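# Secondary and tertiary structure notes
One letter stands for each residue in the lines below.
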Amino acid sequence: MSSPKQAAAVETKLTGGHRACAGCAFPIAIKEVLSSCKYPVVVVNATGCMEVTTTIFPFTAWKVPFLHNAFENSAATCSGIEGAYQSLKKQGKIDKNIKFVAFGGDGGTYDIGLQSLSGAMERGHDMMYVCYNNEAYMNTGVQRSSATPRGSSTTTAPAGKVINGKQQNPKDLTEIMVAHNIPYVAQTTVGMWPDATKKFEKAFEITGAKFVNIYSPCIPGWGIETSQTIKLSKLVVDTCMWPIYEVENGKYKINYKPATKLPVTEFYKTQARFKALLKDEAQIKLIQDWVDAKWARLQLMEEATNKA
Amino acid sequence: MTTGKQLIKGNTAIVEAALDAGCRFYAGYPITPQNEIPETMSWRMPEEGGTFIQAESELISINMVFGASAAGARAMTTSSSPGISLMQEGISYMAGCELPAVLVNVMRGGPGLGNIAPSQSDYFQAVKPGHGDFHIITLAPHNISEMYDYTFDAFDLADKYRIPVMILADGLLGQLMENVELDRSRKPALLNAPKPWALTGASGRKGQRIVSLLMQPGALEKHNMDLNEKYNLIKKNETRHELAGMEKNPEYLIAAFGTCARISKGTMNIAADAGIKTGLFRPITLWPFPYEALKEAAKKVKKVFVFEMNLGQMVEDVRLAVGDDSKIEFYGRPGGGVPTAEELFEFIRGKVK
């Protein structure tokens, strides 16, 4: 675990000058991942803002080997690279300890890439998949994804006179990954640097398939000021909508329990995407009940999996 | 959008044409440069009492359309080049099952992720699609009113022949806004035509099936022959093209489709000013390709200039039609390159002096 101050002292493997928006969260996520790895690391990236803004030919912001493949394929491509590495190792052609990381946004992970992610995790490749979740398809213009929260207005689930945005709860991808029975699954947020880096450091020391879901605010997609990224990525945790936890070999651990659990509206009122939702008390109650039930269940899971 | 003269975007014209044609099921997935279609559909479709679904991938979009079509609905999906690649399995299955649907490809540069600039790099995957022995009707608009008209027509064509119909547009036509005069009084001829083949429940009638798996020896061969008979009928009835400038007995003919045909009309004016008379042959149906009409038109000229925003795809069909390679001059711009009218004229001048 490092502090942002300590991390700033070591060479960053993602240079500045890339074209992510001012205040964008995923460059922070990348730095948290790469600064937590003391081994050579290979990065595979799905199509999305991260890939588009950091690799505008002939430039690249990545100071590590980097390979892009289409939206649904980062976990599959990473499986292939890791497979080639294992083969070279068996043949005695390579002896370095190399780590493999695949990045995808929520569109490329929750939706179109779920099949290839599931396959990679089930086969148990020695790789880590990091989903940076900004809760919509931001690269193509803020369309809804299965990670988009209920009541969020997107360009394909727009708030209007009849509905106030997306009408479904987000898919719980982290729990889907837990169900794969892989050695390590975690949920974190860009704004909690020590928690995030501790998790990535731990994951890099574990052999086998790892999955980390990192909450990643989006300035234009959420309708927020560039200064709000860190604040909102922490605020969501205090509402228990995005719990900070990890599941190591089936054992749950909630890494942060808010001293005062805030109502979901505290989070909603900070963002333009929830403007219409805020007028709909019935919908908010539905969401609050759902968040409360999920939070209660998570605490029960922690208790149940830690019994002696 | 109203009737009469108005400024509209190509992608929006497609949405309104589909709704006017009675399409009440749309499934799609985000990809640039066609995002205005699902975005507009997301609120326009519910307004018209239809179903809009954002799928989790293009593979899912096309297979939702497969399901909706099998149930008898007028169904549509739209995408751009890489997304159409993902749909090819579904398109082949729909062709095998003879399911009507309208598909739109707002083409971008490739291969791979390519870019998001206008391109005609998917002529092959539209005209010679997927696995198995099949065809789909492909219509190529070259302005915004045709984006509306061809999309509107596509639904009747699809139902008439039980076949997927593709609108092959590109990023320029999708994003371009143009002042157009729309005739929205037309009614789709076959909207209420019975679909006795549709899977609507077997209550009160014999059960029926829609399959593309035919394992008995000879069964698939017969199915392929039946499909071929249908394809021959489509070739006979539906082959369309535009031929312009022939009244001035031009020495040269330009063959181009879509955006390249649009640019070529500017080239014709520049050439005329320079004393070079040209005609334009614009295939409207890319499949069925208007071989006969092009063959006749080419007989009257010294050379046929083929212009495409790719490295030579339609030119293969032009060669087949013309039957004399020495007459053909090809100029193409791949990877999102859009030629100017002057650039095409310079190419012509370089070859005719």
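Residues numbered from 1 in each chain as written. Chains lettered and ligands numbered in written order. Predicted model: local features only at pLDDT ≥ 70, side-chain atom pairs only at ≥ 80, totals over all residues. Heavy atoms only, no water.

Of regular secondary structure, chain A possesses 12 helices and 8 strands. The C-alpha radius of gyration of chain A comes to 19 Å, within 12% of the 19 Å expected for a compact globule of 308 residues. For the C-alpha atoms alone, the extent of chain A along its principal axes is close to 65 × 55 × 40 Å. When the 308 residues of chain A are sorted by exposure, 55% land in the buried category. (Helix = DSSP H or I, 4+ residues; strand = E, 2+ residues; numbered from the N terminus. Rg over C-alpha atoms; globule rule 2.2 N^0.38 Å. Buried < 20%, exposed > 50% of the residue type's maximum accessible area, 1.4 Å probe, protein only.)

To continue, consider the packing of helix α2 (residues 26-34) of chain A against helix α8 (residues 193-205) of chain A. All names here are of chain A. Direction vectors running N to C along α2 and α8 enclose 45°, while the axes themselves pass 8 Å from each other. One element, α2, and the other, α8, form an angle in the oblique class. Crossing of α2 against α8: the hand is right-handed. Contact residues: I28, K31, E32 and V33 in α2; W193, A196, T197, F200 and F204 in α8. Each residue belonging to the contact of α2 with α8 can be placed in one class, and the counts come to 6 nonpolar, 1 polar and 2 charged. (Axes fitted to C-alpha atoms, helices over the stretch in contact; angles between N-to-C directions. Parallel < 35°, antiparallel > 145°, perpendicular 65-115°, else oblique. Left-handed = near helix turned anticlockwise from the far one by under 90°. Contact = heavy atoms within 4.5 Å. Nonpolar A, V, L, I, M, F, W, Y, C, P; charged D, E, K, R; others polar.)

Below, the discussion takes up the interface of chain A and chain B. Listed by partner, the interface residues are 17 residues for chain A and 16 residues for chain B. Both sides of the chain A and chain B interface together cover about 1,100 Å² of buried area, and 60% of this is carbon and sulfur. Ranking the residues of chain A by area buried against chain B places I112, T140 and T156 of chain A at the top, with a combined share of 38%. At the boundary of chain A with chain B, the tally comes to 0 salt bridges. In the side of chain A that touches chain B, the residues fall into 5 nonpolar, 8 polar and 4 charged. (Buried area = accessible area lost by both parts, 1.4 Å probe. Salt bridge = Lys/Arg side-chain N within 4 Å of Asp/Glu carboxyl O.)

All names here are of chain B. If you check the domain split of chain B, you get domain 1 (5-238) and domain 2 (243-352). Summarising the inter-unit geometry, the C-alpha centres of domain 1 and domain 2 are found 28 Å apart. Domain 1 puts 34 residues into the contact, and the matching count from domain 2 is 27 residues. At the boundary of domain 1 with domain 2, total buried surface from both sides reaches about 2,500 Å², with 57% on carbon and sulfur atoms. When the buried surface of domain 1 facing domain 2 is broken down by residue, Q120, Y123 and H142 rank first, second and third, together holding 33% of it. Linking domain 1 with domain 2 are 3 salt bridges. Residue D317 pairs with K128 through a salt bridge whose shortest N-O separation is 3.4 Å. (Domains from an automatic or database assignment.)

Below, the discussion takes up the pairing of strand β3 (residues 51-54) of chain B. Residues and elements named next belong to chain B. Across the two faces of β3 the burial differs, with F52 and Q54 buried and T51 and I53 not buried at all. Pairing geometry for strand β2 (residues 25-28) and β3, over 4 bridges, is parallel. Looking at β3, one finds that A27 is bridged to I53. (Pairing = 2+ DSSP bridges.)

On to the sheet that holds strand β4 (residues 75-79) of chain B. All names here are of chain B. One open sheet holds the 7 strands; their spatial order is β3-β2-β4-β5-β7-β6-β12, and the pairing between them is mixed. The open sheet is flanked by β3 and β12 (285-287), the only strands paired with a single partner. On average, each strand axis in the sheet is tilted by 20° relative to the strand beside it, whichever way the strands run. In terms of strand pairing, β4 meets strand β5 (residues 101-107) through 4 bridges, oriented parallel. Each bridged residue has a counterpart across the sheet, and for S79 the counterpart in β5 is N105. Packing of helix α6 (residues 144-161) onto the sheet brings it into contact with β4, β5, β6 (137-139) and β7 (164-170), and relative to β7 it is tilted by some 160°.

On to the side chain of T154 of chain A. Residue and element names in this part refer to chain A. Among the secondary structure elements, T154 is positioned in the loop between β4 (128-133) and α7 (173-178). The class for T154 is buried, based on a relative accessible area of 4%. At 2.9 Å, the side chain of T154 and the backbone nitrogen of A157 are in polar contact. In this view, T154 contacts V142, Q143, R144 and T148; residues no more than four positions away in its chain are not counted. (Polar contact = N/O pair within 3.5 Å; in protein donor to acceptor, adjacent residues only side chain to side chain.)

Moving on to the pairing of strand β14 (residues 328-332) of chain B. As paired elements, strand β13 (residues 303-308) of chain B and β14 of chain B share 5 bridges and run parallel to each other. Paired with F307 of chain B across the strands is Y331 of chain B, a residue of β14 of chain B.

Residues and elements named next belong to chain A. Listed as buried for helix α6 (residues 114-123) are L114, S116, L117, G119, A120 and M121. Packing partners of the buried residues in α6 comprise α4 (74-90), α5 (106-111), β4, α7 and β6 (210-215). Note on α6: the residue one or two positions beyond its end, G124, has a positive phi of about 80°.

Looking now at empty space enclosed by the protein. Residues and elements named next belong to chain A. Applying the stated criterion across every chain yields a total of 3 cavities of 30 Å³ or more. In this model, the largest cavity occupies a volume close to 410 Å³. Forming the boundary of the largest cavity are 28 residues, of which D172, M241, P243, W290 and K294 lie nearest the centre. For the lining of the largest cavity, the elements supplying multiple residues, two or more each, are α7, β6 and α12 (281-305). Among the elements that make up the lining of the largest cavity, the one with the highest residue count is α12 (6 residues). Looking at the lining of the largest cavity residue by residue, the classes come out as 17 nonpolar, 5 polar and 6 charged. (1 Å grid on protein atoms, 1.4 Å probe; cavity = no way out; pocket = protein on both sides within 12 Å on 5 of 7 lines; lining within 4 Å. Points joined across faces, edges and corners; volume = space filled by probe spheres on them.)

What follows is about the pattern of salt bridges. One pass over the structure, following the stated rule, counts 41 salt bridges over all chains. For E246 of chain A, the salt bridge is made with K202 of chain A, and the minimal N-O distance between the two is 3.3 Å. Taken together, the residues span a long stretch of sequence, with E246 of chain A in strand β7 (residues 244-248) and K202 of chain A in helix α8 at a distance of 44 residues. The exposure class assigned to E246 of chain A is buried, which follows from its relative accessible area of 6%. With its nearest N and O atoms 2.8 Å apart, the salt bridge here joins K222 of chain B to D226 of chain B. In this pair, K222 of chain B and D226 of chain B are both assigned in helix α8 (residues 219-238), 4 residues apart and thus about one turn of the helix distant. The network of salt bridges with common partners includes E16, D20, R24, R44, E47, E48 and R184 of chain B.

The next subject is the side chain of E242 of chain B. Residues and elements named next belong to chain B. The residue E242 is located in strand β9 (residues 241-244) in this model. Among the polar contacts listed, one links the side chain of E242 to the side chain of K265, at a separation of 2.9 Å. Ignoring sequence-local partners within four residues, the contact set of E242 consists of H142, K265, L280, F281, R282 and I284.

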